[in-house]
Amino acid sequence: MRRVIHWFRRDLRITDNTALWHASTDAEEVIPAYILSTWKKGHRWTGPNRQEFLCGCLESLSRNLKAAGGRLILRTGDPVQELEQLIHETNAQAVYFNRGTDPYSIQVQQQLQKTSEKHHFQIFGYKDTTILDPDEVLNQEGRPFRVFTPYARTWHQKEKPSVLPIVRALQTPAALYSLPLPTLEHWGLISKTRIIEPGEEAARKRLTDFLNEAIRAYREKRNFPGERVTSRLSQDLRFGTLSPRQVYFGCLAASKEASVTVCQSINSYVNELVWREFYMQILAHFPAVLENDFSDEFSALRWDENDSYFESWCHGLTGYPIVDAGMRELNATGFMHNRVRMIVAMFLTKDLHLHWRKGEQYFMQKLVDGEIASNNGGWQWSAGTGADAAPYFRIQNPWTQTKRYDPAGTYIKTWVPELRGVEPIKFTQPPTERLARDYPMPIVDHATERLEALNRFNRARR
Ligand SMILES: Cc1cc2nc3c(=O)[nH]c(=O)nc-3n(C[C@H](O)[C@H](O)[C@H](O)COP(=O)(O)OP(=O)(O)OC[C@H]3O[C@@H](n4cnc5c(N)ncnc54)[C@H](O)[C@@H]3O)c2cc1C
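In this report, we go over the structure that sits alongside the text. (Residues numbered from 1 in each chain as written. Predicted model: local features only at pLDDT ≥ 70, side-chain atom pairs only at ≥ 80, totals over all residues. Heavy atoms only, no water.)

### So, the packing of aromatic side chains
Taken as a whole and assessed by the stated rule, the structure comprises 31 aromatic pairs. Judged by centre distance (5.7 Å) and plane angle (50 degrees), the ring pair of phenylalanine 278 and tyrosine 279 falls under tilted. Pair check on accessibility: phenylalanine 278 and tyrosine 279 agree, each one buried. Over the face of the ring belonging to tryptophan 155 we find lysine 160, whose NZ or CZ atom lies 4.5 Å from the ring centre. The ring of phenylalanine 310 has lysine 358 sitting right over it, with the charged end atom 4.5 Å from the ring centre. (Phe/Tyr/Trp six-rings, centres within 6.5 Å; stacked < 30°, edge-to-face > 60°. Buried < 20%, exposed > 50% of the residue type's maximum accessible area, 1.4 Å probe, protein only. Lys NZ or Arg CZ within 6 Å of the ring centre and 35° of its normal.)

This is the structure we're talking about:
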């Protein structure tokens, strides 16, 4: 082909980018395009942190495309209309893209398909966001798995696509109009958060550093939020500054010369990559989870409305140090450690009895790695309503969780400065008086609310 468009979406990199690589080998000229969304401040599902990260990723992508001989073309508006317009302007013969697996992406892909038929251009969609497509890992009856362990077993048995080379020699037609690189103003947003460094180079460095060092202790220490041994790659997988294949095959290569213990650690890390794909296939096959419980067992469950509790939770002022540390880490950085995500989510749903959807939405507005499949999966898991969820009667106790996973109070003291002078043992049991002058007493009693949650679940089951 003479000229094609590569439509960037959640694949903001030039290394191991399946559709971009195919576009560059199939055509003489490639127009690398990104269509910025037009929604404004106050959007239900996103916020400044993810948009700021996006801006940084687009800057890095633009630089990398330039080094490869190409030029990033930015437009804004409805993606299908903008692509149609670009086809019209450039006489490109096809649009290449990496397929999304969530309901919105699928809907846009279907619209693009219709437009391509009407306007006689070709479209080529590739698997890229996941190592295995939602339809590739099915049970013996050809149906989607609802439980993780058999899903993971089948996932491991399947052949995986290998990593593709970096794209080097791109040619983009000259004199094509492009918007300037965006800043947060494009969406009417302001950021007050210290987010992680965006872009493909920063992502690759994080991966290399992790594989060289922290992965060795991952299995042993991954649940300790003060230890910082997790990979911090979730936003890179979310925006595609790394492909899941780069991470997976990086792990396989690291395990070649590793001891048995390190191999176990690497396997436990790979298991988390499989959880990511598990939740993506759940959302692809059961899109109703975005509105409803995955399991209908507890659809009669009673949830409370309590704005004051919700505000205390959002601002990290519940009087539960581990919960408050988590929420403050989230508010300050757009990230929260996985163990603490589970603790704050269980606290919201089982101690405050607020609907998981409220927490899900708040996370989506704040998280740099906010990803609807994993986020919905994590929330429904914690609430006890999801696919392969925590059994409803296993309610984490924030005090004992602290004793087990932050015994020295390292994490708590990092994020709750009022508590820096307090003995860590005091974070592991309900206090009899304020822990510090400026720090609140617990807003609820865990033992009482645990029983209340169990009662509600038991009533709903009947
Ligand atoms: C309530 C709740 C909400 C969550 N929301 C999100 C979200 O919006 N986006 C998101 O990427 N993850 C989400 N997670 C999963 C997990 O907390 C993050 O992926 C992880 O904390 C990211 O840090 P990391 O990259 O250092 O993880 P690591 O421990 O280094 O894990 C490696 C990678 O595996 C994947 N992963 C790890 N744990 C999970 C998991 N439980 N489910 C799915 N994928 C996983 C991520 O892509 C992660 O980058 C959520 C979990 C919970 C309990």
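### Some thoughts on the packing of helix α5 (residues 148-157) against helix α10 (residues 260-285)
Where α5 meets α10, the axes come as close as 10 Å, and the angle between the chain directions of the two elements is 110 degrees. With respect to their mutual orientation, α5 and α10 come out roughly perpendicular. Together, Phe148, Tyr151, Ala152, Trp155 and His156 of α5 and Val270, Asn271, Val274, Trp275, Glu277, Phe278 and Gln281 of α10 make up the contact between the two elements. For the contact of α5 with α10, a count of residues per class yields eight nonpolar, three polar and one charged. (Axes fitted to C-alpha atoms, helices over the stretch in contact; angles between N-to-C directions. Helix = DSSP H or I, 4+ residues; strand = E, 2+ residues; numbered from the N terminus. Parallel < 35°, antiparallel > 145°, perpendicular 65-115°, else oblique. Contact = heavy atoms within 4.5 Å. Nonpolar A, V, L, I, M, F, W, Y, C, P; charged D, E, K, R; others polar.)

### Quick word on the site of the ligand
As a matter of local geometry, the ligand sits amid 28 residues, with Tyr218, Thr230, Ser231, Arg232 and Asn338 nearest to it. Serine 231 places a side-chain nitrogen or oxygen 2.6 Å from an oxygen atom of the ligand. Interatomic distance of 3.1 Å between a backbone N/O atom of serine 234 and an oxygen atom of the ligand. Protein coverage of the free-state accessible area of the ligand, which is 810 Å², stands at 96%. Elements with a minimum of two residues in the shell around the ligand: α8 (234-239), α10, α13 (338-351) and α15 (372-383). Residue contributions to the shell around the ligand peak at six residues, all from α10. Across the shell around the ligand, the residue classes break down as 14 nonpolar, eight polar and six charged. Counting residues domain by domain, the shell around the ligand receives three or more from each of domain 2 (130-160 + 200-285) and domain 3 (296-461). (Near = heavy atom within 4 Å. Polar contact = N/O pair within 3.5 Å; in protein donor to acceptor, adjacent residues only side chain to side chain. Areas by Shrake-Rupley, 256 points an atom, 1.4 Å probe, with all protein chains shown as cover. Domains from an automatic or database assignment.)

In short, geometric facts, not functional conclusions.
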